[in-house]
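Structural overview for review
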Amino acid sequence: MAPVARSIRVIFTVRPTVFFPLSLSFDFVLPEATATDRITLFVDVILPLPLPKLYTYRVPYEMNDEVVIGGRVIVQFGAKKTLSCIVAAVHETPPKQYQAKYILEFIDDAPVVTQPQLKLFRWMADYYMCTLGEVINAALPSALKLSSESRIQLHPAFVAEENPYPLSEQEERIVSILASEDGKSLTFTEVGDLLGISSFHKVIKSLIQKDVIFLFEHLADKYTPKVVKKVHLAHHFVEEGVLEELFQKLASKPKQLDVLMRYLQRVPVYQNIHANHKGLEKAYLTSSPHLSPSAVNTLIKNGVLEQFDVIVSRFPLEDEPEAKLHFALSEAQTAARDEVLNLFGEKDIVLLHGVTGAGKTEIYIDLIRKALEGGGQVLYLLPEIALTAQIVTRLMRVFGSRLGVYHSKFSDNERVEVWNGVLSGRFQVVVGVRSAVFLPFDNLALIIVDEEHESSYKQYEPAPRYNAREVALMMANYQGAKTLLGSATPAVETYYQTRAGRYGLVTLTKRFGEAGLPEIELVDTRKSREAKKMHNHFTPELLTEIETKLSLKEQVILFQNRRGYSPFINCLDCGWIPKCKNCAVSLSYHKHSHELRCHYCGYADRMPVECPACGSRNLKTVGFGTEKIEDDLKIMLPAANVQRMDLDTTRAKNSYQQIISDFEKQTTNVLVGTQMVTKGLDFANVSLVGIINADSIIHYPDFRAHERAFQMFVQVSGRAGRKGKKGKVIIQTADPQQVIFDKVIRNDYLEFYDYEITQRREYGFPPFMRVIRMTVKHMDQSLGEQAAILLTQELVARLGREAVLGPEAPYIFRIRNFYLQEITIKLDREHTVLKQAKLQICEAMNVVKDQKEFKQARLVADVDPM
DNA sequence: AGCACGCCGACT
DNA sequence: GTCGGCGTGCTC
């Protein structure tokens, strides 16, 4: 059963003194049971806080039966805070060091977190070197987390006329508001707003001392069910004859009559008396263009219609699609599917390596269907950006309302409903992003991780710094489920596992339908530049090709891996470059908003008209981002309809969907964007993809730079030419000789893999070694460096010199006013070694943290960084 | 994460 | 002389 949400909980932390409970007088009447029968239970709870251990609370004896592992309870934590937390264990061992506090309340009568989840969360905390509280915090939709808020209320014994203490003007104001309504209460922030000051604590303290008000903690479920207002005909009208009478009465009121007619049209009261019981959504009547909303209200006021509320699901049970979407798998798809199933016989994990456009989704759907037939649950993970309306509607048509969707743009209430839907068994398939691995499955049969190479599966801030692909694999392992990883450009680590025989491998080399892979052309920007043939950032080759495609009414995608107009501006007279005041980066110019913005901390300033250093008006933009590409293109090709898709244009809730649908409907011809355009989008009419500046992607100081570049080029190329059309890709680069281009052009993953794996082996990187990246952050540069040096020493002392690299300041050495130092640790892959090493890393971190002068240093461990 | 207790600067 | 700043430590 799904947990029942209770609306409001009130807990007194400061009891009004007048109501001193009389029951404290000793009445020692015990129930039938004698004291010796009593079993005293204790629970270990996970608090949603970054605390290293669990806390033990005592179960009130009468509540022994209510304890549910994985259920939520409310406890007092510290002097003031009342929190909800998850019961991780039940036992009878009283803590020796301290007196356990009692649990205040039990929220759920069934687990909200399943046993396999608890096991998984423990593994995560261990593996990713974080606390269970941090895992729980990331896992639970925040509406399932309760936390208290202090409120004040007029003291029940307070009578204004008898108050012996003089009140200040501010105090009077608070009192008059609290007295305005019986039992009215205010939060601290409300008090602050009311008085227009932020230091309201003094006032509150004084009022408490004078016995005018008291404090209490208010704890409310944040989850609110969705309510729909409905109306139906008042019951006594539902009778023959009576209704006619009503019509006559309303004869002179045409508007009301209209409403009534419409109601009867939708609710056939004559044919079926019971139809009236369910009624009709009020909004259907009030928002109908031909009806008057006020007439509806008049009918309600006069008792003809009755209004009532109904709690509904945010994911309505739609009628199952009449004709379920049925599609035939192609021969290649069928073969691949059978091979996957076959491999699942001996392996738990299979990689489906299929070129872009090979039709992997149909294979997934077929496998999901099979898994459901076997009675198990299915989790289908997608990177954020690929989880579009396109794929959801498609899955909806196959799985109907058994499909749950879990998405970062979902509201919290929606998330809770998906969570509960998984618990109750309503949702047997969930398609979702990274955080969907936290959903409370307990009977998984299959997990699909699509685009498994995607770095967005890895969370970096805040902890837990987990990779959803790895978590999914672990969860599948715990629940005996099979996992299918899918990608056109598998992560080197993943492919290595197939070579090592640990994962099965199925390959699809042909595109679905007759579509061939796109033709890829490299264009040398250096040559064009020397010949003075560049049009802004476009080579003549790219520009001509764009024009050709547009004249054929075909669409174009342009990829530029940097948002904004230009990465910085520069004063031509004095050389001034605006820098972020919090970070060691230049400010990016955003033309649309006339702002200079920091892409690391969000700091923004108005674009100056003149140089603040020398007063010159010769401010020039340097470099280019998506905004400039969009701008230039609009000027050079005024007939083209250009749309930009990047973080800045997709901030609003539905803008992303809008841009995609405009492009789909071919309202826009050219889509300019950042990485967003490289992922999983499937448009039939795109025949050209342009990569404006390939060099900025390849030249990156990181062992994964080549892998990332290869994946990005192949993925974005894959957007070109689908559904029978051969597409073209133009890559602009100043250095066409780069080794990886050769592999991209021939779309030769295997060759890329062989090349890359050799490098990884030689330089000792994953998959041969495991990397843990330590970051030391400090407001003070020198202290940060010293802390990093000490940490390095401690690490070397435990792990050996060869395992530790650094410390080193990263390229961007200051973010949000914190100076950064990085240490890279390389470890043997073996589990016992790894576990031991993590303990030693914790020790080393503690040595630094225990040092008085480094108290303000922040130490972060990132396991398997990306 | 809060929040309470504890030690140093600018003020009625 | 105090009020209040935030730095450090604890929460079952």
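Residues numbered from 1 in each chain as written. Chains lettered and ligands numbered in written order. Predicted model: local features only at pLDDT ≥ 70, side-chain atom pairs only at ≥ 80, totals over all residues. Heavy atoms only, no water.

1. A closer look at the overall build of chain A
Our working rule: Strands here mean DSSP runs of E at least two residues long; helices mean DSSP runs of H or I at least four residues long; both are numbered from the N terminus. Relative accessibility under 20% of the residue-type maximum defines a buried residue, over 50% an exposed one, and the middle range a partly exposed one, all with a 1.4 Å probe and only protein chains included. Whether two residues are in contact is decided by their heavy atoms, any of which lying within 4.5 Å being enough. For every accessible area listed, the method is Shrake-Rupley and the probe measures 1.4 Å; residues are considered covered only by the protein chains on display.
In terms of helices and strands, chain A carries 26 helices and 35 strands. Evaluated residue by residue, chain A yields a buried proportion of 53% over its 866 residues. Summarising the internal contacts of chain A: among those between residues at least 6 apart in sequence, 76% fall at separations of at least 24. Working note: accessible area of chain A is about 41,400 Å², and carbon and sulfur atoms make up 52% of it.

2. Quick look at the environment of Leu83
With respect to the helices and strands, the residue Leu83 is situated in strand β5 (residues 81–91). Separated by 209 residues in the primary sequence, Leu83 and Ser292 have C-alpha atoms spaced 48 Å apart.

3. Remarks on the protein's contact with DNA strand C
For clarity, the threshold we go by: When at least one non-hydrogen atom of a residue lies within 4 Å of a molecule or strand, that residue is treated as near it. Any N or O atom pair separated by 3.5 Å or less is treated as a polar contact, with the protein-specific requirement of one donor-capable and one acceptor-capable atom, and with residues adjacent in sequence counted only for side-chain atom pairs.
Lys53, Thr56, Phe77, Tyr98 and Lys101 are the nearest of the 14 residues found near DNA strand C. Expressed as a percentage, the sugar and phosphate content of the atoms of DNA strand C within 4 Å of the protein is 45%. Lys53 has a polar side-chain atom sitting 2.5 Å from a base nitrogen of DNA strand C. The element best represented in the surface near DNA strand C is strand β3 (residues 55–58), accounting for three residues.

4. What to know about the protein's contact with DNA strand B
What counts here: Each residue gets one of three labels, nonpolar for Ala, Val, Leu, Ile, Met, Phe, Trp, Tyr, Cys and Pro, charged for Asp, Glu, Lys and Arg, and polar for the others, Gly among them.
Inspection of the region around DNA strand B gives Leu49, Pro50, Leu51, Lys80 and Lys81 as its neighbouring residues. Sugar and phosphate atoms form 60% of the subset of DNA strand B atoms that lie within 4 Å of the protein. In the surface near DNA strand B, the residues fall into three nonpolar, no polar and two charged.

5. A short note on the nonpolar core
The nonpolar side chains of soluble globular proteins are, as a tendency, buried together. Here is the rule we go by: The definition of a nonpolar core used throughout is a set of buried Ala, Val, Leu, Ile, Met, Phe, Trp, Tyr and Cys residues joined through side-chain atoms within 4.5 Å.
Grouped together as the largest cluster of nonpolar side chains are 155 residues, with contacts concentrated most on Leu379, Phe713, Met774 and Leu795. When near neighbours in sequence (up to four residues on either side) are disregarded, Leu795 contacts Met774, Gly800, Val804, Ile823, Ile825, Ile841 and Ala844. Of all hydrophobic cores here, the second largest spans 24 residues; its members include Val259, Leu291, Ala295 and Ile300.

6. Describing the side chain of Thr626
When you line up the elements, Thr626 lands in helix α19 (residues 626–636). Thr626 gets classed as buried once you look at its relative accessible area, which sits at 0%. Those residues in contact with Thr626 that sit more than four places away from it in its chain are Gln560, Arg562, Arg563, Gly564, Arg644, Asp646, Val672, Gly673 and Thr674.

7. Looking at unusual backbone geometry
Here the amide bond leading from Ala463 into Pro464 is cis, since omega sits at 5 degrees, within 30 degrees of zero. Here Pro464 lies in the loop between β17 (444–450) and α15 (468–479). Across the junction of Pro766 and Pro767, the peptide omega takes the value 10 degrees, indicating a cis bond. Relative to the helices and strands, Pro767 is located in the loop between α24 (749–763) and β31 (769–778). The phi dihedral of Met129 falls on the positive side, at around 50 degrees, and the residue is not glycine.

8. Considerations on the packing of helix α6 (residues 242–249) against helix α7 (residues 254–266)
Two quantities define a packed helix pair, namely the angle between the helix axes and the distance between the axes. Quick reminder of the rule: Axis lines are fitted to C-alpha atoms, over the contacting stretch for helices. Their N-to-C directions set the angle, which ranges from 0 to 180 degrees. Angles are sorted into four bins: roughly parallel if under 35 degrees, roughly antiparallel if over 145, roughly perpendicular if 65 to 115, and oblique for all others. Crossing handedness follows the turn of the near helix against the far one: under a right angle anticlockwise gives a left-handed crossing, and clockwise gives a right-handed one.
Relative to each other, α6 and α7 sit at 150 degrees, their axes nearing to 10 Å. As judged from the angle between their axes, α6 and α7 are roughly antiparallel. Note on packing geometry: the crossing formed by α6 with α7 is left-handed. Here Leu243, Leu246 and Phe247 of α6 lie close against α7, whose contacting residues are Leu257, Leu260, Met261 and Leu264. Along the lines of polarity and charge, the residues of the contact of α6 with α7 split into seven nonpolar, no polar and no charged.

9. Here we look at the sheet that holds strand β23 (residues 588–590)
Keep this limit in mind: Following DSSP output, two strands are said to pair if at least two bridges run between them.
Read across the open sheet, the three strands follow the order β23-β24-β25; overall the sheet is antiparallel. Since the sheet does not close on itself, it has two edges, and those belong to β23 and β25 (604–606), each with one partner. Across the sheet, the mean angle separating the axes of adjacent strands is 30 degrees when strand polarity is ignored. For β23 and strand β24 (residues 595–597), the ladder comprises three bridges, and the chain directions are antiparallel. Directly across from His590, in β24, lies its bridge partner Glu595.

10. Structural notes on the state of the cysteines
Test applied: Here, the term disulfide refers to a pair of cysteine sulfur atoms separated by no more than 2.5 Å.
Applying the stated criterion to the full structure yields zero disulfides. For the unlinked cysteine Cys574, the closest cysteine sulfur is that of Cys611, found at 3.6 Å. Cysteine Cys601 remains unbridged, with the sulfur of Cys580 as its closest cysteine sulfur at 3.6 Å. Owing to a relative accessible area of 17%, Cys601 belongs among the buried residues under this scheme.

11. Side note on the UniProt feature "binding site: Zn(2+) 2" (unreviewed entry) in chain A
Cut-off, in case you're wondering: UniProt positions are given in the numbering used here, feature names are shortened, and annotations may be inferred rather than shown by experiment.
The UniProt record marks Cys580, Cys583, Cys598 and Cys601 with the feature "binding site: Zn(2+) 2" (unreviewed entry), using the residue numbering of this structure. A maximum C-alpha distance of 8.6 Å is found for the annotated residues, which run over 22 residues; spatially they form one tight group. You can see Cys580 is positioned in the loop between β22 (568–571) and β23. According to the relative accessible area criterion, Cys580 is buried, its value standing at 4%.

12. Topic: the pattern of salt bridges
Convention followed: Any carboxyl oxygen of Asp or Glu that lies within 4 Å of a side-chain nitrogen of Lys or Arg is treated as forming a salt bridge with it.
Enumeration according to the criterion identifies 40 salt bridges in this entry. With a closest N to O distance of 3.0 Å, Asp646 and Arg644 form a salt bridge. With a relative accessible area of 0%, Asp646 lands in the buried category. On the basis of relative accessible area, Arg644 is assigned to the buried category, the value being 7%. The residue Glu794 makes a salt bridge to Arg798 at a minimum N-O spacing of 2.9 Å. Taken together, the residues span about one helical turn, with Glu794 and Arg798 both in helix α25 (residues 781–799) at a distance of four residues. Judged by its relative accessible area of 18%, Glu794 falls in the buried class. Its relative accessible area of 24% is what places Arg798 among the partly exposed residues. A single salt-bridge network, built from bridges that share partners, covers Arg337, Asp338, Asp366, Arg369 and Lys370.

13. Let's talk about the packing of helix α16 (residues 492–499) against α24
At their nearest, the axes of α16 and α24 sit 11 Å apart, and the two run at 95 degrees to each other. When the interaxial angle is binned, α16 and α24 end up roughly perpendicular. Residues Val492, Glu493, Tyr495, Tyr496 and Arg499 of α16 pack against Tyr749, Leu750, Phe752, Tyr753, Asp754, Glu756, Ile757 and Arg760 of α24. Residue classes in the contact of α16 with α24 are distributed as eight nonpolar, no polar and five charged.

14. Side note on the pairing of strand β27 (residues 642–645)
Remark: a regular strand shows side chains that alternate across the two faces of the sheet. The criterion, for reference: The handedness rule is simple: strands pointing away from the viewer, and a clockwise path from the first strand over the helix to the second, make the crossover right-handed.
Going residue by residue along β27, you find Val642 and Arg644 tucked away on one face and Gln643 and Met645 tucked away on the opposite face as well. Where β27 lies against strand β28 (residues 670–673), four bridges are found, and the strand directions are parallel. Note that in β28 the partner of Arg644 across the bridge is Val672. Crossover connection from β27 via helix α20 (residues 655–664) to parallel β28: handedness right-handed.

15. Comments concerning helix α2 (residues 132–139)
For an α-helix the count is 3.6 residues per turn, leaving residues at separations of three or four pointing the same way. As a reminder, the rule being used: Regarding the arc, it is the one traced by the directions from the helix axis to the C-beta atoms.
When we look at burial in α2, the residues that qualify are Leu132, Gly133, Val135, Ile136 and Ala139. Buried residues along α2 cover an arc of 160 degrees about the axis, so they all sit on one side. Check the buried side of α2 and you find it contacts β2 (42–46), β5, α1 (115–127) and α14 (412–424).

16. Things to note about helix α22 (residues 705–717)
The cut-off we apply is this: By this rule the span expected of a helix is its residue count minus one, scaled by 1.5 Å.
Its 13 residues give α22 an end-to-end C-alpha distance of 18 Å, which sits within 8% of 18 Å, the value for a rise of 1.5 Å per residue. Within α22, 11 of the 13 residues are buried, which leaves it mostly tucked inside the rest of the structure. Along α22, the positions that sit buried rather than exposed are Ala705, Glu707, Ala709, Phe710, Gln711, Met712, Phe713, Val714, Gln715, Val716 and Ser717.

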